[in-house]
Amino acid sequence: MAVASDLVLSRGLIITKNPSISFKSHVSVTPILSKGCQTVKPKYCNLRTKAQAAEVQVLIDQENKHGLSLGFDAVSEGELREKGFLGLRKTKMVCTIGPACCSMEDLEKLAMGGMNVARLNMCHNTREWHLDVIRKIKQLNHEKLFCVSVMIDTEGSQIHVVDHGEPNSVKVEEDSIWLFTAIKFEGSRPFTVKANYAGFSEGIEVGDELVIDGGMASFEVIEKVGNDLRCKCTDPGVFLPRAKLSFRRNGILVERNHGLPTLSKKDWDDIEFGIAEGVDFIAMSFVCDADSVRHLKKYVSGKSSRSIKVLAKIENLESLQKFEEIVEASDGIMVARGDLGVDIPLEQIPTVQEIIIHVCRQLNKPVIVASQLLESMVEYPTPTRAEVADVSEAVRQYADALMLSGESAIGPFGQKAVSVLQMASSRMELWSREENRQSALCGQRQLGESLHDRIAEQICNCAVDMGGYLLLFLSIPDHLNSALLDFIYASKLANNLGVDAIFVYTKHGHMASLLSRNRPNPPIFAFTNDDSTRMALNLQWGVIPVLVNLSDDMETNIAKTIDLIKMKGMVKYGDAVLVVLDLTPAHVTSTAFQSIQVKTIV
Ligand SMILES: Nc1ncnc2c1ncn2[C@@H]1O[C@H](COP(=O)(O)OP(=O)(O)OP(=O)(O)O)[C@@H](O)[C@H]1O
Ligand SMILES: CC(=O)C(=O)O
Ligand SMILES: [K+]
Ligand SMILES: [Mg+2]
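Residues numbered from 1 in each chain as written. Chains lettered and ligands numbered in written order. Predicted model: local features only at pLDDT ≥ 70, side-chain atom pairs only at ≥ 80, totals over all residues. Heavy atoms only, no water.

Here we come to unusual backbone geometry. In this structure, Asp213 is a non-glycine residue whose phi angle is positive, near 50°. Relative to the helices and strands, Asp213 is located in the loop between strand 12 (209-212) and strand 13 (217-225). In this structure, Tyr398 is a non-glycine residue whose phi angle is positive, near 65°. Tracing the backbone through its elements, the reader meets Tyr398 in the loop between helix 11 (385-396) and strand 22 (401-404). (Helix = DSSP H or I, 4+ residues; strand = E, 2+ residues; numbered from the N terminus.)

Structure below.
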């Protein structure tokens, strides 16, 4: 670790003359080589001398005195130093936590690899197990300065297999006869399958088709005995544990809602538990309408003073049919391709995904693409080329986040899977930026050379562009319109001026999300004094949430945050920052305090 002559700053920053200094592999410890040594990353390490380091110390003291401190997470800080502003990954990563990655060490490795949100699927494991994982993540956030949000994903009401007589998968032979029942049986009983719900066969007729997991195997119903179904295999395959059952008549899905509520008693218990443990997101499985989402949102906001975001999972036909109203009612969406593929033909998934992502952006809701992104990595240490193409396509479509399921929960290569997501998304983001730049070049030629001239030019260009956007966003609720225009404007300005970063000061994260919605090239640093806003913004494309203590005097806040970031070596002389204000001091009632400024670091 550091030697006596090194200056150890806050948050693990060390100024050292020793280039061979070795650190425990912890990203928050960043050696900054002082004068006389080779500088590792000159662009972002502009702290060279002890005098400057002393200056930083003064600033940190000031920071403490004025109660203004920057809660940067260790991973973004490290990534920024290493790769610079434009190198920061924009697409967020959600990892499902399971037995393969629930130790403190494994969670830390996933966090260091860039996991933004940890997902707990309440279908599996015990309350104690979930509690243990949540506490570990909170402890890591606290002790190691990570910023990993926690999501619980409800079990929901769905017909699935609870027992097929074997611990693992079972082969299904052509023409074999099987009994599907809701009655529990002891030990192994060949050719018998227990479903989780007594009414699973309601409305089903002889001649209907019973499909396993959207096509893993198919049967014809040949006899109905009470609630049980006797079936003959027509398309051989395999039963996996927890396989899902659906029914088709003349090739069309038999839609049945079984009278089951979207949230069962167990789901409500899990939600209570999540609220009590301070989770950041609740993902609602098998949503069928907007009302259930509104109901849960209202319930949660009445129960918790923190803002907990409710995400609706689009994973059945009903949710697909009403998805616009569901998107509007929710705080975000998950394209749950696993179960969706049980309800709709697989070939429709890619277009459905693209449409959902598009609508989510239109309505300004973050969207996660989930399931089977790197499925082969549950078993193998490298992905298939097709999987990398799928990940890249989701990134190109500008999804906010990508999710790993079994790849991290049960697979031995979870960290590798995270790094594949990281590399594939960074690569595609770079490509998309280049593509956008090329298409922008086909339009107006940039005339101005100085920043001042470019600002004047861009104001005029953006005013024209805004006309086009107005048409595009007519379907957006009225209350969003005026704010939207400001932030479309800000994002376009940021892209066209080539600023290095956008700083937005925000309480509830709304303006940060409006900026993110426009997918600007520079990263969006969202400074907020609300911890739950910070954790919620973790899911949004291109947003790096930073916890900060803000005073009522915004100009001083801006000056101080820029100073602190500069002294931390994260911006350098000449960098241009677009500063967007969305914090109206308590004593001001108008929105006149919303502003956009371009600041050059001096
Ligand atoms: N906490 C856990 N304990 C044990 N196994 C888990 C856990 N979480 C996930 N898994 C396993 O990882 C695999 C993928 O997990 P995941 O929960 O994402 O499945 P899913 O079926 O796509 O989700 P959902 O049930 O919400 O549709 C499953 O095979 C599941 O058995
Ligand atoms: C993630 C999930 O629930 C699904 O894909 O079905
Ligand atoms: K679930
Ligand atoms: Mg599902």
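After that view of the structure, there is still more to cover.
What follows is about the confidence of the model for the protein. Here the protein averages 81 in pLDDT, while 77% of its residues score no lower than 70. Here residues 1-49 is modelled with pLDDT under 50, and outside its nearest four sequence neighbours on either side it reaches 106 contacts, counting other chains as well. Every residue in residues 466-482 is under pLDDT 50, and counting partners more than four places away or in other chains gives 20 contacts. Across the interface, the model reports ipTM at 0.98; the global pTM reads 0.83. (pLDDT = per-residue confidence, 0-100. Contact = heavy atoms within 4.5 Å.)

Contact geometry for helix 3 (residues 104-113) and helix 4 (residues 127-144): axes closest at 10 Å, N-to-C directions at 55°. With respect to helix 4, the element helix 3 is oriented oblique. Helix-helix and strand crossings are classified by hand; for helix 3 and helix 4 the assignment is right-handed. In this structure, helix 3 contributes Met104, Leu107 and Glu108 to the contact, and helix 4 contributes Val133, Lys136, Ile137, Gln139, Leu140 and Lys144. Split by residue class, the contact of helix 3 with helix 4 holds five nonpolar, one polar and three charged. (Axes fitted to C-alpha atoms, helices over the stretch in contact; angles between N-to-C directions. Parallel < 35°, antiparallel > 145°, perpendicular 65-115°, else oblique. Left-handed = near helix turned anticlockwise from the far one by under 90°. Nonpolar A, V, L, I, M, F, W, Y, C, P; charged D, E, K, R; others polar.)

On to the site of ligand 2, then. Around ligand 2, the surrounding shell consists of Arg119, Lys313, Glu315, Met334, Ala336, Arg337, Gly338, Asp339, Ser371 and Met403. Separating an oxygen atom of ligand 2 from a side-chain N or O atom of Lys313 is a distance of 2.7 Å. At 3.5 Å, a backbone N or O of Arg337 approaches an oxygen atom of ligand 2. For ligand 2, whose free accessible area comes to 210 Å², the fraction covered by protein is 92%. Among the elements of the structure, strand 20 (332-336) and helix 9 (337-343) are those that each provide at least two residues to the shell around ligand 2. In terms of residue count, the dominant contributor to the shell around ligand 2 is helix 9 (three residues). A per-class count over the shell around ligand 2 returns three nonpolar, two polar and five charged. (Near = heavy atom within 4 Å. Polar contact = N/O pair within 3.5 Å; in protein donor to acceptor, adjacent residues only side chain to side chain. Areas by Shrake-Rupley, 256 points an atom, 1.4 Å probe, with all protein chains shown as cover.)

All right, on to the coordination of the magnesium ion (ligand 4) then. Bound to the magnesium ion (ligand 4) are the protein donor atoms Glu315 (OE) and Asp339 (OD), situated 1.9 to 2.1 Å from the metal. In this structure, the magnesium ion (ligand 4) lies 5.2 Å away from the potassium ion (ligand 3). Of this pair, Glu315 sits in the loop between strand 19 (309-314) and helix 7 (317-321) while Asp339 sits in helix 9, placing them 24 residues apart in sequence. (Donors = N, O, S within 2.8 Å, 3.2 Å for Na, K, Ca; no water.)

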